[in-house]
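Below are the chains, spelled out letter by letter.
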Amino acid sequence: MTPALKDLYVQKDKMYVATDCIIFGFDAGKLKLLVFKRRVEPFLGTWSLIGSFVRMEEDVSVAAKRVLTEITGLDNVFMEQLKAYGLADRDPGYRCVSIAQFALIRIDDYDKELTEKHGAHWFELEELPELVLDHSQMVEDAMARLKRKARYQPIGFELLPEKFTIPQLQSLYEAIYQKKLDDRNFRKKLMSLGLLIKLNEKDKSSSRRGAFLYKFDYDNYQKLVKSGYNFEIA
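Treat the numbers as computed from the prediction; the structure is a model and nothing was measured.

Caption draft 1: Molecular detail of the environment of Leu-125. Structurally, Leu-125 is set in the loop between strand 7 (120-124) and helix 3 (135-152). For Leu-125, a relative accessible area of 18% translates into the label buried. Separated by 83 residues in the primary sequence, Leu-125 and Arg-208 place their C-alpha atoms 32 Å from one another. Beyond its immediate chain neighbours, meaning those up to four positions away, Leu-125 contacts Phe-24, Leu-31, Leu-33 and Met-143.

Listed below in C-alpha cells is the structure:
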C-alpha cells in the first residue's frame, strides 16, 4: 500500500490532473474513434473522449492504461502521450489540466460487452459528434501526430488484424492520410521495406481469385530500427 503523502504545499492553490484517451480503431476501410456520453457534470450526457482523473497513487501513464482497460478490456496496446491541455478556463467544473494519450487498437480485439456497458460507441471520423470541452482539439492533434508517425514508423500495423492483405493495409494508410494512394507505388515501396511475411493463405472475401495474406515481421523491424533504417512508407 502506498503511504499517505504529506502535503508540504498546503497553503498553495490546488488543481485536478486528468487523462483523456483518443482511442483509434480501423474497420471496413474507415478510421474510427471510441467516445462515450459524459457521466458527470458539467455537460452531463454530452459526447466526450474517455478519460479519468489521475489518482493520487498513479502515474499519468498508469491512469491512461487503467482507463483503456476499463473500457475495452485490453491492456497491451500501442499508447503514446500526446500533450498537456492546460488553459485556465478549459473546464468550467474546476481548474483541471488534462494529459491526453492516443491509442491504437485492433477493433476486433476489444471486449464489446464491456464497451457497451460503459456506453461507449465507435464513430467514423467524418461522422464524429461534437465533443465536450477541448476534446475536438485533442482529436485533431492526435490525427496530426498519427499522420507524422505513420509516415516514418509502421504503427499502422497496430490497427490491423494479425493477418491482412496489401489492399487492406493500403486502405488503412489512405484513411490515416485521408487521400488516395497510388496502388503500384504503395506496393513497391512497402515490399522494399522487408517488413512483411507472405503467408500461404488467401483472403477470398472480396474476389474469387483472392489476395494473399501477410504478417508483420516484428523481428526484422527491430533489426532495421537498430541499424537506423528510415521507414518512409507513403
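Having seen the structure, we can now continue with the description.
Caption draft 2: Quick peek at the packing of aromatic side chains. Summed over the entire model, instances satisfying the criterion amount to 11 aromatic pairs. Plain terms: the ring middles of Phe-157 and Phe-164 are 5.5 Å apart, the flat faces sit at 50 degrees to each other, and that makes the pair tilted. For the pair formed by Phe-157 and Phe-164, the shared burial category is buried. Ring centres of Phe-216 and Tyr-221 lie 5.7 Å apart, and the angle between their planes is 50 degrees; this geometry places the pair in the tilted category. When sorted by exposure, Phe-216 lands in the same class as Tyr-221, which is buried.

Caption draft 3: Representation of a nonpolar patch on the surface in the model. On the surface, Tyr-16, Phe-53 and Tyr-94 cluster together to form a nonpolar patch covering roughly 340 Å² of accessible area. Here Tyr-94 lies in the loop between strand 5 (78-85) and strand 6 (96-104).

Caption draft 4: The arrangement of the UniProt feature "domain: Nudix hydrolase" (unreviewed entry) in the protein chain in detail. In this structure's numbering, the residues bearing the UniProt feature "domain: Nudix hydrolase" (unreviewed entry) are residues 14-145. Overall, residues 14-145 shows 23% helix and 36% strand. The separation of its end C-alpha atoms is 31 Å.

Caption draft 5: Summary view of the pattern of salt bridges. In the structure shown here, the tally under the stated rule is 12 salt bridges. Residue Arg-90 pairs with Asp-134 through a salt bridge whose shortest N-O separation is 2.8 Å. Remark: Asp-134 occurs in the loop between strand 7 and helix 3 and Arg-90 occurs in the loop between strand 5 and strand 6; sequence separation between them is 44 residues. Taking the relative accessible area as the measure of exposure, Arg-90 reaches 8% and is therefore buried. What makes Asp-134 buried here is its relative accessible area of 18%.

Caption draft 6: Spotlight on helix 4 (residues 166-177). Spanning 12 residues, helix 4 covers 16 Å between terminal C-alpha atoms, matching the ideal 16 Å at 1.5 Å per step. The element helix 4 is largely enclosed, with a buried count of nine among its 12 residues. Against strand 1 (16-27), strand 2 (30-37), helix 3, helix 5 (183-192), strand 8 (196-203) and strand 9 (211-216) lie the buried residues of helix 4. Once helix 4 ends, the next one or two residues include Gln-178, with phi positive near 60 degrees.

What counts, and where the lines are drawn
- Residues numbered from 1 in each chain as written.
- Predicted model: local features only at pLDDT ≥ 70, side-chain atom pairs only at ≥ 80, totals over all residues.
- Heavy atoms only, no water.
- Helix = DSSP H or I, 4+ residues; strand = E, 2+ residues; numbered from the N terminus.
- Buried < 20%, exposed > 50% of the residue type's maximum accessible area, 1.4 Å probe, protein only.
- Contact = heavy atoms within 4.5 Å.
- Phe/Tyr/Trp six-rings, centres within 6.5 Å; stacked < 30°, edge-to-face > 60°.
- Patch = residues over 30% accessible without salt bridge, like charges linked within 9 Å, V, L, I, M, F, W, Y side chains within 5 Å.
- Areas by Shrake-Rupley, 256 points an atom, 1.4 Å probe, with all protein chains shown as cover.
- Salt bridge = Lys/Arg side-chain N within 4 Å of Asp/Glu carboxyl O.
- UniProt positions renumbered as here; feature names shortened; annotations may be inferred.
- Expected span 1.5 Å × (residues − 1).

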